Amino acid sequence: MTTPALRDTNRAPVPVKNVVAAGLLVASLIAALVLNLTTDELGLWGLLPIVVYAVLVLLEVNVVLATGVAMVVGFVLTGAGPLEISTMMSESLGSFIAVIGLIIMLGAGLGRIASDTGAAQTLVRALLQGVGLNSAVRIQVGIMLASTVLVGSLGTLAGANAILAPIVIPVAAAVSRSRPSVAAMLHAGGAAGLIIGPFTPPVVTITGAAGLSYVEYLLTAGLPMAVVTWLTGFFMARYIQRRTEADQYTEQELAGLDTGSEPTGREKRAAFAFIGTLVAMAVLGVILEAGFAYAILVMLVTAIVTAFAGGMRPADALTSFYAGASQLLWLFFLFWLFNPLLVMLEQSGAYGALLDALQPALEDAGPWPFLMLTLLVGWLGVAGAAVAQVALIDELLWPLAASVGVPATAWGAALLGGSQIDWFGPFPNADMIGQMGLARSSNLRMMLVNGWTIMAANLVLFAVLFAVL
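Residues numbered from 1 in each chain as written. Predicted model: local features only at pLDDT ≥ 70, side-chain atom pairs only at ≥ 80, totals over all residues. Heavy atoms only, no water.

Asker: For a nonpolar patch on the surface, give the residues involved together with the corresponding values.
Answerer: Side chains of Val-215, Leu-219, Leu-223, Val-227, Leu-231, Phe-235 and Val-286 sit close together on the surface and give an oily, nonpolar patch of about 610 Å² of accessible area. For the nonpolar patch, the leading source of residues is helix H11 (residues 214-243), giving six residues. Inspection of the secondary structure puts Val-227 in helix H11. Overall, the relative accessible area of 40% leaves Val-227 in the partly exposed class. (Patch = residues over 30% accessible without salt bridge, like charges linked within 9 Å, V, L, I, M, F, W, Y side chains within 5 Å. Areas by Shrake-Rupley, 256 points an atom, 1.4 Å probe, with all protein chains shown as cover. Salt bridge = Lys/Arg side-chain N within 4 Å of Asp/Glu carboxyl O. Helix = DSSP H or I, 4+ residues; strand = E, 2+ residues; numbered from the N terminus. Buried < 20%, exposed > 50% of the residue type's maximum accessible area, 1.4 Å probe, protein only.)

Asker: Tell me about the nonpolar core, residues and numbers included.
Answerer: Leu-150, Trp-411 and Phe-462 are the most contacted members of the largest nonpolar core, which has 146 residues in total. If one sorts the elements of this core by residue count, helix H8 (residues 157-174) sits on top with eleven residues. (Core = buried A, V, L, I, M, F, W, Y, C linked by side-chain atoms within 4.5 Å.)

Asker: Provide a residue-level description of the confidence of the model for the protein, including the pertinent values.
Answerer: Note that predicted coordinates carrying low pLDDT should not be read in detail. On average, residues of the protein carry a pLDDT of 84, and 92% of them reach 70 or more. Within the protein, H11 carries the highest mean pLDDT (94), whereas helix H17 (residues 350-365) carries the lowest (68). (pLDDT = per-residue confidence, 0-100.)

Asker: Requested: an account of the packing of aromatic side chains, with residues and values cited.
Answerer: Here a ring pair, both rings aromatic, is described through the centre-centre distance and the interplanar angle of the planes. Considering all chains together, one arrives at ten aromatic pairs under this definition. With a centroid separation of 5.3 Å and an interplanar angle of 70°, the aromatic rings of Tyr-53 and Phe-338 are classed as edge-to-face. Note that Tyr-53 is positioned in helix H2 (residues 48-58) and Phe-338 in helix H16 (residues 329-347), a separation of 285 residues in sequence. For the pair Tyr-53 and Phe-338, a shared accessibility class is recorded, and that class is buried. Consider the rings of Phe-332 and Phe-333, whose centres lie 6.3 Å apart with planes at 75°: the pair is edge-to-face. A relative accessible area of 35% places Phe-333 in the partly exposed class. Every member of this aromatic cluster is reached through a ring pair, and the members are Trp-230, Phe-234 and Phe-235. (Phe/Tyr/Trp six-rings, centres within 6.5 Å; stacked < 30°, edge-to-face > 60°.)

Asker: Any details on the environment of Leu-29? Residues and values, ideally.
Answerer: The topology assignment puts Leu-29 in helix H1 (residues 16-38). You can call Leu-29 partly exposed: its relative accessible area is 28%. Apart from the residues lying within four places of it in its own chain, the contact partners of Leu-29 are Val-72, Val-73 and Val-76. (Contact = heavy atoms within 4.5 Å.)

Structural data, given as structure tokens:
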């Protein structure tokens, strides 16, 4: 006879956030059902699914799960039936935001091919050697410039700097750059690349939403923010270096990192093909005044040319591409689920009710206060993936912006600031922590000081841009 196992009484308590999230889900479903049964016109109540989404994300619920929950609340609120839900989900596959998700996945696949062929690593070494390695200042410029170019080319901050870090850390260590200062270099340099890269997720999304060409976006918003971010980060890295000089890389941390070996002929050809194809396709896109969907062709063509130049067999190239793209499959699902939220928000009449409520005050205030409000709403009030932030802010606030005379260029700047300034604060975030990890730094305080300074500089920049545009 066996003794029954004793019940484990030492289980960890359920986190308070999980309890609050579960309570919110139950309460929101009940409220949605009651509203559906008792109200003919939802009005501002149509915003309930978006409010649920925002609160769940702030509670650090998985963003895909939060989106799915909010979508279910929306279905209950609007009384959508099975056929209507099926139609909405199928149509979402061809939506603007789902296409952006596909572009991001394709970019991740391209990034994996660039890494596997050695193109990305060769490009980094060439940039470092071109800038020069004979002084600490030149090395810092080289590291930040390499991060900007690589992130702008691959369209991913974490992925590009993960390739970059093992190459530049030994170079930085050779001139006694501290770990926190290298983390600041990677964060600021990479962020600037995401802002100006012609086919990065933020740029493709903002130009598509605001109806701007890449050149218009670059001149009115992207380039000013990238310059302010890069230069502020450059001086902050030097400031951090002076205060963390003792926090050096150890021999154990440097062991096994890139030794700076000479790239092979295939790697050089792959690097030339990679950057050459991207530049050529970008120029062609400007000439043809291509829209955001052009990025799909760019990613595919660049991946094929780079793989061929790097000597990859077709089957190996496909395997590499799949491996890279699969890492961001969750992001595609996020955007696929997010679009029905926007559709239900529009069908509920929430837009019209919001416009009627706010338009008199906004017309009296004028465009500048409205643009600053939009930036603050995106920065502090809307959490989640940056592309989803852009889509939500544009869908929610563009009718109001148009009604008070906001031009497309200024709207593009507001979308950029509202969705990207939170890279730097006010709270620690995944991007910030990720760059610290790549640089082997544990000094969160200095990383926050760096982020807050860049954040403050960009807030001043956008306040000026909104007055000029």
